[in-house]
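One letter stands for each residue in the lines below.
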Amino acid sequence: MPAATNTKRNLVTAALVAPAAAWLMIFLVLPFIAMLVFAFGERAPEGGYQAAFTFAQFARLPTRAAAFWNTLVLAPVGALLCLLVAYPVAYYLAVKADPRYRLILVSLVVVPFWTSLLVRTYAWMYILGSRGIPNLLSMVGFEDVRLLNTPGAVLLGIVYGYLPLMIMPIYVSLEKLDRRLLEASADLGARPVSTFFGVTLPLSLPGVMTGVALVTILLLGEYLIPQLLGGGKVFFIGNALVDLFLQSRNWPFGSAIAVTLVAVVVVILMVAMRIAFKVAGTRQVDLV
Amino acid sequence: MTKWYRENAPITAEQLADELMRLKRGSVTRRHFLGVTGLGLATAVLARQPGLFNSTAFAGDLGTQMSIATWPNYHDPATFEAFQAATGVAVEVNVFGSNEEMLAKLQAGGTGWDLFVPTNYTISTYVKLGLIDELDLSKLPNYDASTETARFTNEGVVDGKTYAVPKNWGTTGIALNSNKIKTPVTSWKDFFEVAMTEADGRAMVHDYQLTTIGNALVSLGYSFNSTKPDELAKAEELLIKVKPHLYAINSDYQPSMRATDAWMTMCWTNDGAQLNRDMPEIQFVLGKDGGEIWSDFYAIPKSAANKAAGYALLNYLMAPENAVKEHIANGAPTTDSRVLKLLPADVTGNKIVYPDDASLTPLEFGAAVTLTDPGRAELMARFKSA
C-alpha cells in the first residue's frame, strides 16, 4: 500500500533527521533565543541579567565600533593572506607532488592540529618577543624592532593558525581536477599561465570559496590570537564579548553584540556567496 | 616556574615520583620513603594538628582531585606537590587576572573550584550574592585569628561570621627596569607621563578595572576608589590617550618584564619582590600620590564540589611552616605573626615586601562598590576596545 510505504519512509526520514535536529535545537536555536531575550534586558546591579524590555543595549553598540572594525577588516584580510599562502601549497600537493609521497605530505599539513593552538600561539610570543626575531635583527643592525603586540603579529598568528583549514578544501578540489582538461587546454595552444587562470583556478573555486568562508567565519569569532599576540590592544569583537561576559558581567550588552555579530556574518556570507557563485557559474558556462 | 622555587622543595617532583614508585613496587620501605622525601618530618610536625592528617583524612574522603582559582605567580608549586604527596589530592591551579573575572565565573556557575583567592574588597559582595559559605573554623585548626593583623583581615568577617581567612597583604605599585628608564618615577602621575615618553611602547597596565582605573584616578589627584562620573570621565580620557603608547594590557606582566619586552608596569608587591630578586635592575616603587593596599583571602565557593579537599588544603596552607615557604616563594608580606617569626631576616628586611609605614599612608584599600559599579566596569571595557 503506497500510504503505508509513505508513512514508513517519513518515519525513516524523521529518524535520520532527528539527532541533527535535536542537536541544533538544543545547542543552536535555544541558546540563540536566550541571547535574543538577554539582548533586550538590563545588567543586574551586581552584574548578570535582569529582565526588561529596552533597546538601550543596541543603542550602545557604537562604543564597540573599533572592535567591529578590527574584526571586519582583519578577518577577511587574514583569510585572503591565508589563501595566498595556501593555494600554492595545495596546488603543489594535488598536482605536482609525487603521488607516492602525497599522503605523507598531506598528513604533514594536519600534524600541527595535534598540538593545541594555545601552545603554538604561545610559541609565537617568544619568537616575536624581544629575545626572538628582534634580537636577531639587532645583531645585524636593526635596533628596536617591535613585532609582538602589533596588528601584524595578530595577522601572522592568524595565517599560521588557520593555514591548514585553507589548504585542505583547496587541495580536495584540485585533486579532483581532470588532467585531460589541462592536456586539452595545452593542445588547443594555451600557455601554462592561461591554462591555470582559464581552467585550473575556476575549477578549484568551490574549494577556494569553502576555505575562505570557513576561515573568515571562524576568524569573526576569534579571541585567542588577538589576546596573546595583540597584547590586549588589538581587539576583536570576540575579545569584547569575553570582556563583557567575564569582566564587566554585562550579559545584555554582550548578547546585543553577539546578536549583531551573527546578523553581520549572515549578511556578509549571503552577499559573498552570491557573488562567488555568480563568478563560478559564468566561468563554468564558458568552459562548456 | 623559575628554578628558584624548586630549591625550596626538599626534593624535586621527579625524584618524588621515582621514590613513590619504588615504594609502590616494594623496593623501599615506607620509612625510607618518608625519610628521603621529607614527608616523614612534615607528617611528624603536623601530626600534632588534628583534622588534616588523622586517619579519616587518609580514608579517601578527600578524593583525588581539587581545583584552586588564584593569581599569576602566586604560589610555591612545591606546596601543592607536597600536599598531593601527603593526601593524594592533586591540585589543579586556575590563574586569573582580576577579581571581576573570578566573580563572573562564579556568577555563571560550574567553576569546579574548591578554594579561591579573592581580594579584600570583594568578600562582602560574594556574601551578599550567596556565592561563598561561612567557613567552618573547626575544620581549620591551623588558623588562629588571634595572631592575625586585624587591619588586613577584618574584611574576611561579615556580620560576625568568618567567610574568608587571609593569605597575605600587599600593595600595587610600579615596577620599572632602571637599565632602560632613566627618568625618576615616584608617582602614578610620573607613571603615565613616562609611559607616553621614555617608555613609549614599553609600559603595561593591568587587565583589571580596580588598579588600572584606580591608578589613573590617583594620577589625576582623585581617590583610587572614585565612582563619580566626572572623575571617571577624566580617567578614561587619560587611559585612552595612553593606550596607543602601551606595550600591553595584561595582568600577567612578569614574562614581559623578564624578557625586557616591557620596561615598566603596574605591579603587585609579590611580583615586584620576585622580579627584583631575579633581576635587581627591576625596581619597585609605591606611588607617593597614592594607590592600592590590599589583602588577599582564601574562601570556599558555595558551589565547591570537593569541600573536604578545599578545607584540607586551606588548613595545610594555614600551618605556619607551610605558609612560610609560600611567603618566601611568593614574596608578599604575611598577615600572621606566627609566620613573621619564621621568616628569614632578608625577607622581613626587604623594603619592597615590608615598606616603611610612611610610604603606605597615601594608599587606599579597594572599596566594595568598585567591584559592582557599572560605570567602572564599562569604562574598562571601553578602554580595552577603543
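Residues numbered from 1 in each chain as written. Chains lettered and ligands numbered in written order. Predicted model: local features only at pLDDT ≥ 70, side-chain atom pairs only at ≥ 80, totals over all residues.

1. Notes on the overall build of chain B
Scanning chain B from N- to C-terminus turns up 21 helices and 12 strands. Among the 386 residues that make up chain B, the fraction classed as buried is 51%. Sequence-distant contacts in chain B: of pairs separated by 6 or more residues, those separated by 24 or more amount to 78%. (Helix = DSSP H or I, 4+ residues; strand = E, 2+ residues; numbered from the N terminus. Buried ≥ 20, exposed ≤ 12 C-beta atoms within 10 Å, placed from the backbone. Contact = placed C-beta atoms within 7 Å.)

2. Section: the overall build of chain A
From N to C terminus, chain A includes 12 helices and 0 strands. Here the C-alpha atoms of chain A give a radius of gyration of 24 Å, more than 25% beyond the 19 Å that 2.2 N^0.38 yields for 288 residues. Relative to its full complement of 288 residues, chain A shows a buried share of 31%. (Rg over C-alpha atoms; globule rule 2.2 N^0.38 Å.)

3. Side note on unusual backbone geometry
A negative phi angle characterises most non-glycine residues, just as the trans form characterises most peptide bonds. Residue and element names in this part refer to chain A. Positioned with a positive phi, aspartate 144 is a non-glycine residue whose angle comes to about 55°. With 9 C-beta atoms counted inside 10 Å, the residue aspartate 144 sits in the exposed group. Look at asparagine 149: it is not a glycine, yet its phi comes out positive at around 65°. Structurally, the position occupied by asparagine 149 is in the loop between α6 (133–139) and α7 (151–175).

4. Quick word on the interface of chain B and chain A
With 28 residues of chain B at the contact, the number on the chain A side is 28 residues. Put simply, the parts of the chain that give the side of chain B that touches chain A at least two residues each are α7 (99–108), β8 (246–249) and α21 (374–385) of chain B. Looking at the side of chain B that touches chain A element by element, the count peaks at 8 residues for α21(B). Taken together, the residues of the side of chain B that touches chain A break down into 13 nonpolar, 8 polar and 7 charged. (Nonpolar A, V, L, I, M, F, W, Y, C, P; charged D, E, K, R; others polar.)

5. Considering the domain arrangement of chain B
All names here are of chain B. Here chain B is described as being made up of domain 1 (3–168 + 296–348) and domain 2 (170–293 + 349–385). Each side of the interface is counted separately: domain 1 has 23 residues, and domain 2 has 25 residues. Mapped onto the side of domain 1 that touches domain 2, the elements with two or more residues apiece are α7, α8 (123–128) and α18 (345–348). With 4 residues, α18 is the largest single contributor of residues to the side of domain 1 that touches domain 2. Its residues assigned to classes, the side of domain 1 that touches domain 2 comprises 8 nonpolar, 13 polar and 2 charged. (Domains from an automatic or database assignment.)

6. Comments concerning the sheet that holds strand β3 (residues 115–116) of chain B
All names here are of chain B. Strand order in the open sheet formed by 3 strands is β2-β1-β3, with parallel pairing between adjacent strands. In this open sheet, the two strands that pair with only one neighbour each are β2 (90–95) and β3. As paired elements, strand β1 (residues 65–70) and β2 share 6 bridges and run parallel to each other. Looking at the pairing, isoleucine 68 lines up with valine 93 of β2. (Pairing = 2+ DSSP bridges.)

7. Describing the packing of α7(A) against helix α9 (residues 192–220) of chain A
Residues and elements named next belong to chain A. With their axes 7 Å apart at the nearest point, α7 and α9 run at an angle of 155° to one another. Taken together, α7 and α9 sit at an angle that is classed as roughly antiparallel. The handedness of the crossing between α7 and α9 comes out as right-handed. Together, Ile158, Tyr162, Leu165, Met166, Pro169, Ile170, Val172, Ser173 and Leu174 of α7 and Ser204, Pro206, Gly207, Val208, Thr210, Gly211, Leu214, Val215, Leu218 and Leu219 of α9 make up the contact between the two elements. Each residue belonging to the contact of α7 with α9 can be placed in one class, and the counts come to 14 nonpolar, 5 polar and no charged. (Axes fitted to C-alpha atoms, helices over the stretch in contact; angles between N-to-C directions. Parallel < 35°, antiparallel > 145°, perpendicular 65-115°, else oblique. Left-handed = near helix turned anticlockwise from the far one by under 90°.)

8. Describing the packing of helix α3 (residues 65–96) of chain A against α9(A)
All names here are of chain A. Two elements in contact, α3 and α9, have axes whose closest approach is 9 Å; the angle formed by their N-to-C orientations is 145°. Of the two possible hands of crossing, α3 and α9 adopt the one that is right-handed. Here Thr71, Ala75, Pro76, Gly78, Ala79, Cys82, Leu83 and Ala86 of α3 come into contact with α9, specifically with Val208, Gly211, Val212, Val215, Thr216, Leu219 and Leu220.

9. Examining the nonpolar core
Note on soluble globular proteins: their nonpolar side chains tend to be buried together. In this structure, Ala90(A), Met264(B), Ala299(B) and Leu313(B) are the most contacted members of the largest nonpolar core, which totals 151 residues. The leading source of residues in this core is α3(A), at 12 residues. Residue contributions to this core reach at least three from each of two domains, namely domain 1 (3–168 + 296–348) and domain 2 (170–293 + 349–385) of chain B. Excluding residues within four positions of it along the chain, Leu313(B) makes contact with Met66(B), Phe83(B), Val91(B) and Leu115(B). Of all hydrophobic cores here, the second largest spans 5 residues; its members include Phe152(B), Trp169(B), Ile293(B) and Ala332(B). (Core = buried A, V, L, I, M, F, W, Y, C linked by C-beta atoms within 7 Å.)

10. Points about the pairing of strand β10 (residues 282–285) of chain B
Residues and elements named next belong to chain B. Going residue by residue along β10, you find Ile282 and Phe284 tucked away on one face and Gln283 and Val285 tucked away on the opposite face as well. As paired strands, strand β6 (residues 165–177) and β10 are joined by 4 bridges and run antiparallel to one another. Following the sheet pairing, asparagine 177 is matched in β10 by isoleucine 282.

11. Quick look at helix α10 (residues 188–196) of chain B
For α10(B), the complete set of buried residues consists of Trp188(B), Asp190(B), Phe191(B), Phe192(B), Val194(B) and Ala195(B). In this structure, the buried side of α10(B) is in contact with β6, β7 (203–205), α11 (209–219), α12 (229–242), β8 and β9 (264–268) of chain B.

12. Topic: the environment of Gly47(A)
In this structure, Gly47(A) sits in the loop between α1 (2–39) and α2 (56–59). Other than its neighbours up to four places away in sequence, Gly47(A) contacts Arg249(A), Asn250(A), Ala104(B), Gln107(B) and Thr372(B).

13. So, the confidence of the model for chain A
Confidence in the prediction for chain A averages 89 pLDDT; 95% of positions are at 70 or higher. The secondary structure element of chain A with the lowest average pLDDT is helix α12 (residues 251–287) of chain A, at 80, and the one with the highest is α7(A), at 94. (pLDDT = per-residue confidence, 0-100.)

14. Re the pairing of β1(B)
Residue and element names in this part refer to chain B. Along β1, 5 of the 6 residues are buried, which leaves the element largely enclosed by surrounding structure. Crossover β1 to β2 through helix α6 (residues 77–87) is right-handed. Taken together, the 2 bridges between β1 and β3 define a ladder with parallel strand orientation. Each residue of the ladder has a partner; that of alanine 69, found in β3, is phenylalanine 116. (Right-handed = clockwise from strand over helix to strand, strands pointing away.)

15. Looking at α9(A)
All names here are of chain A. Over its 29 residues, α9 extends only 37 Å from the first C-alpha to the last, a length that falls short of the 42 Å expected when each residue adds 1.5 Å. The principal kink in α9, of about 50°, is found at leucine 205, preceding the proline proline 206 by one to four residues. The complete set of buried residues in α9 reads Val199, Leu203, Ser204, Gly207, Val208, Met209, Gly211, Val212, Val215, Thr216, Leu219 and Leu220. (Expected span 1.5 Å × (residues − 1). Bend = angle between axes of the 7 residues up to and from the residue.)

16. Thoughts on the environment of Thr335(B)
Residues and elements named next belong to chain B. Along the chain, the position of threonine 335 falls in the loop between α16 (320–330) and α17 (337–342). Along the primary structure threonine 335 and alanine 82 are separated by 253 residues, whereas in three dimensions their C-alpha atoms are 23 Å apart. Those residues within four positions of threonine 335 in sequence are excluded, and the remaining contacts are Glu148, Thr149, Phe152, Thr153, Pro166, Asn168, Trp169 and Ser295.

17. A word on the confidence of the model for chain B
All names here are of chain B. Looking at chain B, the pLDDT average stands at 88 and 84% of residues meet or exceed 70. Throughout residues 1–8 the model reports pLDDT below 50, and contacts reaching past four residues in sequence, or to other chains, amount to 13 contacts. Low pLDDT, under 50, characterises residues 42–59; the predicted model gives this stretch 25 contacts beyond four residues in sequence or across chains. Scored as a complex, the prediction yields pTM 0.83 and ipTM 0.82.

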